[in-house]
Amino acid sequence: MNSAQDKQDALDARLKERLLLSRNAPGDYLKLADATLLAALDGTRPLTPNERQALQASPLTLRRFRQLSLERHAALRRHAAAGAAAANDPAWTGSTGLLRAAATATGLESLVTDDGHWTLHFLPQDGGWQVILSLSAEAPFAARLLREQPQLRVIDGGGAIVLQGRLDADGECERAWPFATAPEAHFQLYGASFAVEPVTP
């Protein structure tokens, strides 16, 4: 019985709202500013009796109030959905890799982490090398890292920093190779290993 009554009350409320919103008043105009209506919706400042009376008497202001309410609800839903999506992004604490293949005639060109999520590219430049760290778009944590832009670093097997910085919009970070020894020989000197990791504050 209560359920039927609740449905009837909800229907009555919708009909009353539709009636209020559809009516016209001669010379009607927006009686209340958006800031006042938004404060009432947020609960930061309730409407005064005079403001409530102005709202009830102005169909145009009522329609604006309803529109702001719908926009606020939609924004809250989007924010909640974005928060849930971010919370569900897998965490990442680091990736490691090894120098595996023999160098080509042109020297070491790239290294890939064991999980396949990161690649180090080595490009000859001005008698030295540029090193580029690139994140695979398929990495389960890619969206989070591109959104949050944490400071990252690549270290060799001895703990020396090969590269440090933040990913750009393409998921890459590029720096000059910081050592005098060529990349392949350098990694061989330090256990042929490397790691990509977030920089802890």
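Before any of the text, the structure's been laid out above.
Residues numbered from 1 in each chain as written. Predicted model: local features only at pLDDT ≥ 70, side-chain atom pairs only at ≥ 80, totals over all residues. Heavy atoms only, no water.

Novice: I keep staring at the pattern of salt bridges and nothing clicks. Help me out?
Specialist: Note that side chains of opposite charge can pair when their charged atoms are close. The final tally for this structure, using the stated rule, is four salt bridges. Of the charged contacts in the structure, one is a salt bridge between Arg144 and Glu148, with a shortest N-O distance of 3.1 Å. A residue pair is termed a helical-turn pair when its members lie 3 or 4 positions apart in one helix, as Arg144 and Glu148 do in helix H5 (residues 142-148) at four residues. Residue class for Glu148 comes out partly exposed when judged on its relative accessible area of 46%. Taking the shortest distance from any N to any O, the salt bridge between Arg153 and Glu197 comes out at 2.7 Å. Of this pair, Arg153 sits in strand S5 (residues 152-156) while Glu197 sits in strand S8 (residues 193-198); the two residues are 44 residues apart in sequence, bridging distant segments of the chain. (Salt bridge = Lys/Arg side-chain N within 4 Å of Asp/Glu carboxyl O. Helix = DSSP H or I, 4+ residues; strand = E, 2+ residues; numbered from the N terminus. Buried < 20%, exposed > 50% of the residue type's maximum accessible area, 1.4 Å probe, protein only.)

Novice: Teacher, can you tell me more about the pairing of S8 here?
Specialist: Consecutive residues of a regular strand have side chains that alternate between opposite faces of the sheet. Pairing analysis gives four bridges linking strand S1 (residues 95-98) to S8, with the strands arranged antiparallel. Residue pairing in the sheet places Ser95 in a bridge with Val196 of S8. Pairing between S5 and S8: five bridges, direction antiparallel. By the bridge assignment for S8, Asp156 is matched with Phe194. (Pairing = 2+ DSSP bridges.)

Novice: Looking at this structure, I do not really get the sheet that holds S8. What am I missing?
Specialist: Across the sheet, four strands lie side by side as S1-S8-S5-S6; this open sheet has antiparallel pairing. Each edge of the open sheet carries a strand with a single partner, namely S1 and strand S6 (161-165). Strand-to-strand twist in this sheet, taken as the mean axis angle between neighbours without regard to direction, amounts to 10 degrees. (Axes fitted to C-alpha atoms, helices over the stretch in contact; angles between N-to-C directions.)

Novice: Sorry, what's going on with the sheet that holds strand S3 (residues 118-125) here?
Specialist: Sheets are built from strands paired through backbone hydrogen bonds, the pairs being either parallel or antiparallel. Spatially, the four strands line up as an open sheet ordered S2-S3-S4-S7, and their pairing is antiparallel. Two strands lie at the open edges of the sheet, namely strand S2 (110-112) and strand S7 (172-176), each paired on one side alone. The mean angle between the axes of side-by-side strands here comes to 15 degrees, regardless of whether they run parallel or antiparallel. Bridge analysis of S3 against strand S4 (residues 128-135) gives eight bridges, and the strand direction is antiparallel. Considered in S4, the bridge of Thr119 is made with Ser134.

Novice: What is the right way to look at a nonpolar patch on the surface in this model?
Specialist: Among the surface-exposed residues, Tyr29, Leu30 and Leu60 lie close enough to one another that they form a single nonpolar patch of about 280 Å² accessible area. Summarising the element assignment, Tyr29 is placed in the loop between helix H1 (2-22) and helix H2 (34-42). The partly exposed category is assigned to Tyr29, whose relative accessible area is 49%. (Patch = residues over 30% accessible without salt bridge, like charges linked within 9 Å, V, L, I, M, F, W, Y side chains within 5 Å. Areas by Shrake-Rupley, 256 points an atom, 1.4 Å probe, with all protein chains shown as cover.)

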